[in-house]
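Fold and contact review
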Amino acid sequence: MKKLLLLPLLFLSIIATPCLSETMSDLVKRDGIYYKKFTETLFSGEITGKVQGNYKRGKKEGEWVSYDDNGQLSGKGSFKNGKRDGAWVKYHDNGQLNNQGSYKNGEKGGDWVWYHDNGQLEEKGNWKNGVMEGATVSYYDNGQLSSKGSWKNGEPEGESVSYYDNGQLEEKGSYKNGKEEGDWVWYHDNGQLEVKGSYKNGREEGDWVWYHDNGQLEEKGSYMNGEPEGEWLYND
């Protein structure tokens, strides 16, 4: 009888005991929760290998780090109850910083920055509750300004400008509630005007005109509510 009573107690003890060290390949994910393969037990314990960290009752917890195939650090950050929380950083294959910023309850928040693999700043902006908010700016890997604009509740808002990598203006216009609004212009990379027109609530409106890169007229016509209207001129 004593032996029969000890068997279920021993079985329960094995299930409740956290594993000391496993790799990600030893786990399976179900509905966002991690289990040891071939079991119904929530995994708790340490993960080793290219990805390293700890689980607590099937969810990632505390600091995690990852490495590439060459053993180079590729990223690190923290989890809280299975969600990213706090500072996070990622690295390019050559060891240069790729991006850094913070999470709160699994969503990006605050200032974020990205870098090209040569160390040049690529992009910077602000996030709020997981969506972009406020001014953003981006650069080419030669340090030349690529674009700048603003976001509101995760949608573009206000003036937006972009440039070619030679510094020439590429396009300029404005957004309202995430849609193009008002006058927009585009330029060829030699500085010649390419397209000029207007938007209303995200749709083409009024007169539009296109030019070849030598300055010669290519095409012109009018729109109403995003649809071509009236006579159009083509000059191929």
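Look above for the structure.
One structure accompanies this document, and this report is about it. (Residues numbered from 1 in each chain as written. Predicted model: local features only at pLDDT ≥ 70, side-chain atom pairs only at ≥ 80, totals over all residues. Heavy atoms only, no water.)

1. Regarding the overall build of the chain
Rule in force here: Strands are runs of DSSP state E lasting at least two residues, helices are runs of H or I lasting at least four, and both sets are numbered from the N terminus onward. With the radius of gyration taken over C-alpha atoms, the globule rule is written as 2.2 Å times the number of residues to the power 0.38. Exposed residues in this analysis have more than 50% of their type's maximum accessible area, buried residues have under 20%, and partly exposed residues fall in between, with area computed by a 1.4 Å probe over protein chains only.
Helix and strand counts for the chain stand at 1 helix and 23 strands. Over its C-alpha atoms the chain spans a radius of gyration of 27 Å, topping by over 25% the 18 Å that the globule rule assigns to 236 residues. Summarising its shape, the C-alpha atoms of the chain cover approximately 100 × 40 × 30 Å along the three principal directions. Counting across all 236 residues of the chain, residues that qualify as buried make up 26%.

2. Looking at unusual backbone geometry
In this structure, Phe38 is a non-glycine residue whose phi angle is positive, near 70°. For Phe38, the location among the structural elements is in the loop between β3 (33-36) and β4 (45-47). Phe38 gets classed as exposed once you look at its relative accessible area, which sits at 84%. Phi angles above zero are rare outside glycine, and Asn129 is one such case at about 55°. Among the secondary structure elements, Asn129 is positioned in the loop between β11 (121-128) and β12 (131-132).

3. Notes on the packing of aromatic side chains
So the rule is basically this: Pairing of aromatic rings covers Phe, Tyr and Trp, the last through its six-membered ring, and needs centres within 6.5 Å; plane angles under 30 degrees mean stacked, over 60 mean edge-to-face, and all others mean tilted.
What the rule picks out here adds up to 18 aromatic pairs. Pairing Trp64 with Phe79 gives two aromatic rings, centres 6.0 Å apart and planes at 75°, and the pair type is edge-to-face. With Trp64 in strand β6 (residues 59-67) and Phe79 in strand β7 (residues 73-80), this pair connects stretches of sequence that are 15 residues apart. Summarising the burial analysis for this pair, Trp64 and Phe79 share the class buried. With centroids separated by 5.3 Å and ring planes inclined at 85°, the aromatic side chains of Tyr103 and Trp112 adopt a geometry described as edge-to-face.

4. Looking at the side chain of Asp68
Keep this limit in mind: Under this definition, polar contacts are N or O atom pairs within 3.5 Å; protein pairs additionally need one hydrogen-donor-capable and one acceptor-capable atom, and for neighbouring residues in sequence, both atoms have to be side-chain atoms. Residues are treated as being in contact if the distance between any of their heavy atoms lies within 4.5 Å.
Within the fold, Asp68 resides in the loop between β6 and β7. A distance of 2.8 Å separates a polar side-chain atom of Asp68 from the backbone nitrogen of Gln72. Beyond its immediate chain neighbours, meaning those up to four positions away, Asp68 contacts Lys50, Ser74 and Asp93.

5. Here's the deal with the side chain of Ser138
Tracing the chain through its elements places Ser138 in strand β13 (residues 134-139). Sequence-distant contacts of Ser138, defined by excluding residues within four places in its chain, comprise Glu122, Glu123, Leu145, Ser146 and Ser147.

6. Digging into the environment of Ser198
In this structure, Ser198 sits in strand β20 (residues 193-200). Distance in space between the C-alpha atoms of Ser198 and Ser222 is 9.9 Å, their sequence separation being 24 residues. Beyond its immediate stretch of four places on either side in the chain, Ser198 contacts Gly182, Asp183, Arg203, Glu204, Glu205, Asp207 and Trp208.

7. Observations concerning the pattern of salt bridges
Selection rule: Salt-bridge detection follows one rule: a side-chain nitrogen of Lys or Arg within 4 Å of a carboxyl oxygen of Asp or Glu.
Following the criterion strictly, the structure yields 3 salt bridges and no others. Among the ionic pairs, Glu40 bridges to Arg30, the shortest N-O distance being 3.4 Å. One end of the pair, Glu40, is in the loop between β3 and β4; the other, Arg30, is in strand β2 (residues 27-30), and 10 residues separate them in sequence. Between Asp69 and Lys50 there is a salt bridge, with its nearest N and O atoms 2.5 Å apart. Residue Asp69 is found in the loop between β6 and β7, and its partner Lys50 is found in the loop between β4 and β5 (51-56); the two are separated by 19 residues along the sequence.

8. Brief notes about the nonpolar core
Inclusion rule: Buried Ala, Val, Leu, Ile, Met, Phe, Trp, Tyr and Cys residues that are joined via side-chain atoms within 4.5 Å together make up what is termed a nonpolar core.
Core analysis: the biggest nonpolar cluster contains 13 residues, and Leu27, Phe43, Ile47, Tyr55, Trp64, Trp112 and Trp127 have the highest contact counts within it. Setting aside anything within four residues of it in sequence, one finds Leu27 in contact with Tyr34, Tyr35, Lys36, Lys37, Phe43, Ile47 and Tyr55. Counting residues in hydrophobic clusters, the runner-up holds 8 residues, among them Trp184, Trp186, Tyr223 and Trp232.

9. With respect to the pairing of strand β9 (residues 97-104)
Heads up, the condition is: We treat two strands as partners when DSSP finds at least two bridges between them.
Summarising the sheet, strand β8 (residues 83-91) and β9 pair through 6 bridges and their orientation is antiparallel. In the strand pairing of β9, Gly86 is matched with Tyr103. Count of turn residues in the β8/β9 antiparallel hairpin: 5 residues, of which Gly95 carries a positive phi of about 95°. Relative to strand β10 (residues 107-115), β9 is paired through 5 bridges, and the arrangement is antiparallel. The residue bridging Ser102 from the neighbouring strand is Gly109, located in β10. Once β9 ends, the chain turns through 2 residues before running back antiparallel as β10, passing Asn105 with a positive phi of about 55°.

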